[in-house]
Each structure stands twice: as structure tokens, then as C-alpha cells.
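Here's the letter readout for the chains.
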Amino acid sequence: MDTTLCAFYRTARAGAVRLSDDGGPFGFDITVALLADDLVTGYDCDALVETGCHLGDTTDYLARRYPELPVYSCDIDPSYAAFTRRRVAKHRNARVEPVDSAALVNSAAAIHHRPLFFLDAHWGPDWPLARELEAIAAGIVLIHDFDIGHPRFSYDAYGDLVCGPNMLAAMSRPPERYFVPDPEADWPLPCLQTRRRAGVGILAVGLDSGPLDTHPHLITRHLEMAVTR
Ligand SMILES: C[S@@+](CC[C@H](N)C(=O)[O-])C[C@H]1O[C@@H](n2cnc3c(N)ncnc32)[C@H](O)[C@@H]1O
């Protein structure tokens with residue numbers, strides 16, 4: 001936990017130039033970093049894959065926090081990808097490409113068996129989340145800006161299409177269950193984000209959901225009951 005704490009709060013919040021949460025790794029929500037760490041450990045992840053790096057706050061954090069793991073990120077905007085690539089250039093485990101997120105997921109899925117995917121690519125006219133989910137063969141997936149049904153936690157939407165359970169239901173092989181952080185959970189470190197906080201949806205693709213079922217700060221949601229028609 002102390003390693004996460006030190007790496008997290010030593011990360012510059014470059015994303016503040018544009019992001020409504022003022023930037024920082026995982027939207028400056030350390031409880032998401034703690035959750036990610038539990039999942040990296042619990043699933044013995046062999047790679048970290050972020051989609052949509054913007055100015056590299058989460059990429060930089062992941063590269064420093066997990067020097068033993070390959071960290072991949074990308075951005076469709078070549079200037080963001082170039083900035084982030086320079087930012088993490090001293091970390092030999094990090095690779096940043098100016099490519100579409102689904103292409104990055106595809107190439108990582110071809111060489112790794114248990115990546116942690118942090119899906120955070122959005123803003124453009126084309127929302128790549130559905131294509132990213134289809135490209136994942138196996139891994140643990142954290143979907144940022146996911147509707148967890150709590151007013152403190154924001155989520156993304158493209159018109160009528162909300163980043164939430166209906167997106168999962170549209171997958172060619174939808175999960176029976178997904179997981180969200182318990183908003184009342186007593187995490188070992190407090191979240192210092194006082195502005196926008198993003199919801200997170202978690203699912204296991206092609207892997208046993210055991211570490212999610214037993215995680216003390218996650219709530220299980222049954223997809224069939226969560227979908228709105
Ligand atoms: C919310 S920002 C990402 C923030 C970043 N993950 C962080 O933690 O600081 C979303 C980024 O996704 C990028 N993006 C949008 N569509 C994309 C796509 N199809 N492929 C890759 N990146 C994309 C945007 O250019 C933007 O930089």
C-alpha cells in the first residue's frame with residue numbers, strides 16, 4: 001500500500017489543462033489505484049494496458065509503480081501520444097503509440113494472457129469502448145467513467161448510450177456478472193479527489209472471477225438485472 005501511496009502522490013497532474021477532475025492517475029482517485037493493485041496482484045497480471053493516455057498521468061504512474069511489467073498506452077491524438085511518450089521515455093517498460101485504442105488492445109491481447117486493461121479512451125466523435133471490449137480475449141477490465149448508480153460518481157454518455165451495463169449487454173459474449181466499487185467502502189487510504197469522481201466498472205474476461213467475488217470493497221451486479229430496456 002505504501003508503494004502505491006508514494007507513486008500515486010508523486011505523479012504530476014498534467015491532465016489538469018483539460019480534465020474536469022484536474023488530472024492525476026485514475027482521475028486522482030487513489031481507491032481506484034488500490035483496487036488496480038489488488039487486481040494486478042490477485043490475477044498475477046502480465047501486462048498493463050491503458051487506452052487513451054491524454055497527457056500521461058495514469059501512464060506515468062503505472063510505469064513507475066510497476067517497473068517489472070510492460071505498460072502499454074495509446075492516444076488517437078498524435079500530439080497527446082507524443083507528449084506521453086516523451087514523459088515516460090525514461091521508463092523502459094512503457095510503450096505509447098498514436099493508434100486507435102482497439103488496435104492497441106488487439107495487439108496486447110495477442111501476446112499477453114492476463115493483462116489489466118484500463119479503458120479510458122473517449123471524447124472523440126467515435127466512442128471506441130464497444131470495439132475495445134470485443135478485442136479483449138482474456139484479462140481484467142476496469143472501465144473508467146462507468147455508471148455505478150451513485151450520485152457522487154460520474155459517468156460517460158454518447159447521446160442516449162450510457163457507459164454502463166447496457167454497454168456490457170451489447171458485447172457478443174456478455175458477462176453474467178460485473179463489479180463496481182462499494183461507494184460506502186472503508187478503503188485503507190482516503191480519496192482526496194474533491195471534484196469530479198468517476199465510476200468504475202470491473203469485469204473478468206476469460207478468467208475466473210474469484211478475486212473479484214471475494215474483494216471486500218466490490219459489489220457484484222448481475223447484468224440481467226442491471227440492464228434497462
Ligand atoms: C479522459 S482522456 C484519458 C485520460 C488518461 N487516461 C489519464 O488517466 O490521464 C481520454 C483520451 O482518449 C483519447 N481517445 C479518444 N478516442 C480514442 C481512440 N479511439 N483511441 C485512442 N485514444 C482515444 C482522447 O484523445 C483523450 O486523450
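Up top is the structure.
None of these values were measured; they are calculated from a predicted model.

Focus on helix α2 (residues 30-42)
In this model, α2 (13 residues) spans 18 Å end to end at C-alpha, consistent with the 18 Å of a helix rising 1.5 Å per residue. Every buried residue of α2 is listed here: I30, V32, A33, L34, L35, A36, L39 and V40. Of the surrounding secondary structure, the elements contacted by the buried residues of α2 are α1 (2-9), β4 (116-119), β5 (139-144), β9 (177-181), β11 (200-205) and α8 (210-213). One or two steps after α2, the chain reaches D44, where phi turns positive at roughly 50 degrees.

Describing the site of the ligand
Near the ligand there are 21 residues, and of these G52, H54, T58, S101 and A121 occur at the shortest range. Mapped onto the shell around the ligand, the elements with two or more residues apiece are β1 (48-51) and α3 (57-65). For the shell around the ligand, a count of residues per class yields seven nonpolar, eight polar and six charged.

Remarks on the environment of D145
Relative to the assigned elements, D145 resides in the loop between β5 and β6 (153-154). Judged by the 22 C-beta atoms lying within 10 Å of it, D145 is buried. In this structure, the C-alpha to C-alpha distance between D145 and A157, residues twelve residues apart in sequence, is 8.8 Å. Setting aside residues up to four positions removed in sequence, D145 forms contacts with H122, S154, Y155, D156, C163, A198 and G199.

Side note on the pairing of β5
Within β5, six of the six residues are buried, which leaves it mostly tucked inside the rest of the structure. Residues G139, V141 and I143 line one face of β5 and the alternating positions I140, L142 and H144 line the opposite face, and both faces are buried. Here four bridges tie β4 to β5, and the two strands are oriented parallel to one another. Paired with F118 across the strands is L142, a residue of β5. Pairing analysis gives six bridges linking β5 to β11, with the strands arranged antiparallel. Its bridge partner being in β11, G139 is matched across the sheet by V205.

Description of the packing of α1 against α3
For the pair α1 and α3, the least separation of the axes is 9 Å and the interaxial angle reads 140 degrees. Compared by their axis directions, α1 and α3 come out oblique. Crossing hand, α1 versus α3: right-handed. In this structure, α1 uses T3, T4, A7 and F8 to contact α3, whose residues at the interface are Y61, R64 and R65. Considering only residue class, the contact of α1 with α3 consists of three nonpolar, two polar and two charged.

Cut-offs and rules
- Residues numbered from 1 in each chain as written.
- Predicted model: local features only at pLDDT ≥ 70, side-chain atom pairs only at ≥ 80, totals over all residues.
- Helix = DSSP H or I, 4+ residues; strand = E, 2+ residues; numbered from the N terminus.
- Expected span 1.5 Å × (residues − 1).
- Buried ≥ 20, exposed ≤ 12 C-beta atoms within 10 Å, placed from the backbone.
- Contact = placed C-beta atoms within 7 Å.
- Near = placed C-beta within 6 Å.
- Nonpolar A, V, L, I, M, F, W, Y, C, P; charged D, E, K, R; others polar.
- Pairing = 2+ DSSP bridges.
- Axes fitted to C-alpha atoms, helices over the stretch in contact; angles between N-to-C directions.
- Parallel < 35°, antiparallel > 145°, perpendicular 65-115°, else oblique.
- Left-handed = near helix turned anticlockwise from the far one by under 90°.

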